[in-house]
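A look at the structure
Now for the letters of each chain:
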Amino acid sequence: MLELDLAADIQALRSTFADIQAVVDVDALTADIERLSEEAGAPDLWDDVDNAQKVTSRLSHRQAELKRITEIEQRLDDLEVLVELANEMEDEESADEARKELASLREVINQLEVQTLLDGEYDARSAVVTIRSGAGGDDATDFAEMLLRMYLRWAERHKYPVKVMDTSYAEGAGIKSATFEVDVPYAYGTLSVEAGTHRLARISPFGGADKRQTSFAAVEVIPVMEEAVEVEVPENDIRVDVFRSSGPGGQSVNTTDSAVRITHIPTGLVVSMQNEKSQIQNRAAAMRVLQTRLLLLKREEEAAKKKELAGTITASWGDQMRSYFLYGQQLVKDLRTGYEVGNPAVVFDGDLDGLIAAGIRWRKRKDDDD
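Definitions and cut-offs
Residues numbered from 1 in each chain as written. Predicted model: local features only at pLDDT ≥ 70, side-chain atom pairs only at ≥ 80, totals over all residues. Heavy atoms only, no water. Salt bridge = Lys/Arg side-chain N within 4 Å of Asp/Glu carboxyl O. Helix = DSSP H or I, 4+ residues; strand = E, 2+ residues; numbered from the N terminus. Buried < 20%, exposed > 50% of the residue type's maximum accessible area, 1.4 Å probe, protein only. Pairing = 2+ DSSP bridges. Contact = heavy atoms within 4.5 Å. Axes fitted to C-alpha atoms, helices over the stretch in contact; angles between N-to-C directions. Phe/Tyr/Trp six-rings, centres within 6.5 Å; stacked < 30°, edge-to-face > 60°. Lys NZ or Arg CZ within 6 Å of the ring centre and 35° of its normal. Expected span 1.5 Å × (residues − 1). Polar contact = N/O pair within 3.5 Å; in protein donor to acceptor, adjacent residues only side chain to side chain. Parallel < 35°, antiparallel > 145°, perpendicular 65-115°, else oblique. Left-handed = near helix turned anticlockwise from the far one by under 90°. Nonpolar A, V, L, I, M, F, W, Y, C, P; charged D, E, K, R; others polar. Core = buried A, V, L, I, M, F, W, Y, C linked by side-chain atoms within 4.5 Å.

Focus on the pattern of salt bridges
- Evaluated as defined, the whole model comprises 25 salt bridges.
- For Arg62, the salt bridge identified is with Asp32, shortest N-O distance 2.8 Å. One end of the pair, Arg62, is in helix H3 (residues 49–89); the other, Asp32, is in helix H2 (residues 26–40), with 30 residues separating them in the sequence.
- In this structure Arg62 comes out as partly exposed when scored by relative accessible area, which is 27%.
- Given a relative accessible area of 16%, Asp32 falls into the buried group.

Encoded structure:
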């Protein structure tokens, strides 16, 4: 006789989910959606295109957040019905389905619980991620491309919209750098724990000596900041270079000089964009990222000055944050949290949730201790 007892498991999930709902504040979220819907329905909304895009984007993000909450609640209700049906019908197939749904719900709720820890000033924003190859020659540029694929696969797994904004290919293998945007709520808070130096150790496929090669790549994560457009950048402070978009091996993939590189002369910041169809679009995208970096730089300098006055300046946590070992003992290890994955292949295929969640919890504990 089939006796499927998942009541305690379901109750535990309901308890965790109730805590999440309290933090999210569903009533406030619903009120925010109603207010934004009213603004979005105004007949003169598109008289100000920039503001209209902000309103519709915020509305879309809030609706997606509420939908996620309501869907989980419905799935918990449906799971209880499924368990009851499996027991009444003594149906092993329904019982298997219920067990799988329980595991799926546990994963989704755990992810949502981690998201409630994202309470930083910019955590709710979308994110722009830049990957740059470091020391290590062809291995480093190949590693940078592996990281790009890893993050794109992670976004694909979650069905997050991603836009690759710039890719600079190396003359040999891989890429020198790449920039992409993940446009979902809390993308910045989630991915910001990936910022820092990543290290790869493996037997190099590019040399004949079968020696272990260590290579590095840097990951930078910045929030998409609407207020960044208010940052004034004098024309005298920038140098704009235009060039043809390039593909793998340095091949030109465009017959016109549509790619744009903007250098901010006072700070040395450089932003390149080449994936839009026109030079004007690439320049606008590059300026948006530059303005965001300048705004963040200004706020970092202000924060550093305050810390200096208080005598509490510390090194950035992002440096040397994770190692990937692809020889001997196959392992991915986060050097901040100690979290390990014994199968690097699944990590490079986008299975990052465990590593990211551990990073978010580590950062929260660190912030609480400071």
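Let us keep going from here.
Thoughts on the sheet that holds strand E5 (residues 212–223)
- Strands sit in the order E2-E3-E1-E5-E4-E9-E10-E11 across an open sheet of 8 strands; the sheet is mixed. The open sheet has two edge strands with one neighbour each: strand E2 (162–169) and strand E11 (340–341).
- Across 7 bridges, E2 lies against strand E3 (residues 175–182) in antiparallel orientation. Note on E3: the bridge partner recorded for Thr167 is Ala178.
- Sheet strands touched by helix H5 (residues 137–157): strand E1 (127–133), E2, E3, strand E4 (196–203), E5 and strand E9 (322–325). Its angle to E5, the strand with the most contacts, is close to 45 degrees.

Remarks on the side chain of Thr190
- Looking at where Thr190 falls in the secondary structure, it is placed in helix H6 (residues 187–191).
- On the basis of relative accessible area, Thr190 is assigned to the buried category, the value being 17%.

Topic: the sheet that holds strand E6 (residues 238–243)
- An order of E6-E7-E8 is seen for the 3 strands of this open sheet, with the pairing classed as antiparallel. A single partner strand is all that each edge strand has here, and the edge strands are E6 and strand E8 (269–273). Put simply, the sheet's adjacent strands are angled 15 degrees from each other on average, direction ignored.
- Summarising the sheet, strand E7 (residues 259–264) and E8 pair through 5 bridges and their orientation is antiparallel. In the sheet register, His264 faces E8, and the bridge partner there is Leu269.

Re the packing of aromatic side chains
- Tallied over the entire structure, the rule returns 4 aromatic pairs.
- An aromatic cluster is built from Phe143, Tyr324 and Phe348, whose rings are joined through pairwise contacts.
- Positioned over the ring face of Trp362 is Arg336, at 5.3 Å from the centre of the ring.

As for helix H4 (residues 92–115)
- Taking 1.5 Å as the rise per residue, H4 with 24 residues should run 34 Å; its terminal C-alpha atoms sit 35 Å apart, in good agreement.
- Those residues of H4 that sit buried are Ser94, Ala95, Ala98, Leu102, Leu105, Val108, Ile109, Leu112, Val114 and Gln115.
- Next to the buried residues of H4 lie helix H1 (7–24), H3 and helix H9 (353–369).
- Measuring from the side-chain oxygen of the N-cap residue of H4 to the backbone nitrogen of Glu93 gives 3.0 Å; that N-cap residue is Asp91.

Thoughts on the packing of H3 against H4
- Remark: H3 packs on H4, axes separated minimally by 10 Å, with the N-to-C direction vectors making an angle of 155 degrees. By the angle class used here, H3 and H4 are roughly antiparallel. The hand of the H3/H4 crossing is left-handed.
- Each residue belonging to the contact of H3 with H4 can be placed in one class, and the counts come to 14 nonpolar, 4 polar and 5 charged.

Overview of the nonpolar core
- Core analysis: the largest hydrophobic core is formed by 60 residues, its most contacted members being Ile131, Leu147, Tyr151, Leu191 and Tyr324.
- Per-element accounting of this core gives the leading share, 9 residues, to H5.
- With sequence-adjacent residues up to four places away left out, Tyr151 is seen in contact with Ile131, Phe180, Leu191, Glu194, His198, Val219 and Leu352.

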